[in-house]
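Descriptive analysis of the structure
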Amino acid sequence: MLLLLCYFAWGCCLAALAYQGFLYLIQGSWPSLTVADAAVNIMGLDLLDAIRHLSFEWAAKLAYVCMTTDLSLAFWWTGVFFCLAAAVSKLFGR
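Summary of the structure given here. (Residues numbered from 1 in each chain as written. Predicted model: local features only at pLDDT ≥ 70, side-chain atom pairs only at ≥ 80, totals over all residues. Heavy atoms only, no water.)

**Some words on the pattern of salt bridges**
Definition in use: In the sections that follow, a salt bridge refers to a side-chain nitrogen of Lys or Arg positioned within 4 Å of a carboxyl oxygen of Asp or Glu. Secondary structure elements are defined from DSSP: runs of H or I of at least 4 residues count as helices, runs of E of at least 2 residues count as strands, and each element is numbered from the N terminus.
Inspection of the entire model under this criterion finds one salt bridge. As a salt-bridge pair, Glu57 and Lys61 come within 3.1 Å of each other at their nearest N and O atoms. Within this pair, Glu57 and its partner Lys61 are both found in helix H4 (residues 56-68), separated by four residues, close to a single helical turn.

This is the structure in structure tokens:
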């Protein structure tokens, strides 16, 4: 299951890069696609919701990370995490 999540995250990374590459061919400039863009457009999340439910310190950190992290990079590292978790799971048993 963890390995499947790893492949899914890397597939999403490739899909995000393909989308950005397609827009680059059409528009001539590399579009910025951040985690915050995906959270607002796809999931309907708003950063103000995070501020209401988290402390100010954590909300500020979350807003910074979401606004500066490229979506494909976030998917890449998520895939790395799941692959390492699968390797540790196989190494140490269940």
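**Regarding the packing of aromatic side chains**
For clarity, the threshold we go by: Any pair of Phe, Tyr and Trp rings, taking the six-membered ring for Trp, is counted once the centres come within 6.5 Å. Such a pair is stacked with planes under 30 degrees apart, edge-to-face with planes over 60 apart, and tilted for the rest. Residue burial is assigned from relative accessible area. The probe radius is 1.4 Å, only protein chains are included, and a residue is buried under 20% of its type maximum, exposed over 50%, and partly exposed in between. By the criterion adopted, a ring carries a charge over it if an Arg CZ or a Lys NZ lies within 6 Å of its centre and within 35 degrees of its normal.
Under the defined criterion, the tally for this structure stands at three aromatic pairs. With a centroid separation of 5.1 Å and 25° between ring planes, the pair formed by Trp10 and Trp76 is classed as stacked. With a gap of 66 residues between them, Trp10 in helix H1 (residues 2-27) and Trp76 in helix H5 (residues 71-91) connect regions that are remote in the sequence. Of the residues examined, Trp10 reaches a relative accessible area of 25% and is grouped as partly exposed. Each ring, one from Tyr24 and one from Trp30, has its centre 6.1 Å from the other, and the planes form 55°; the classification is tilted. Take Trp30: its relative accessible area is 48%, and that puts it in the partly exposed class. For the cation-ring pair, Lys61 lies above Trp58, with the distance from its terminal atom to the ring centre recorded as 5.0 Å.

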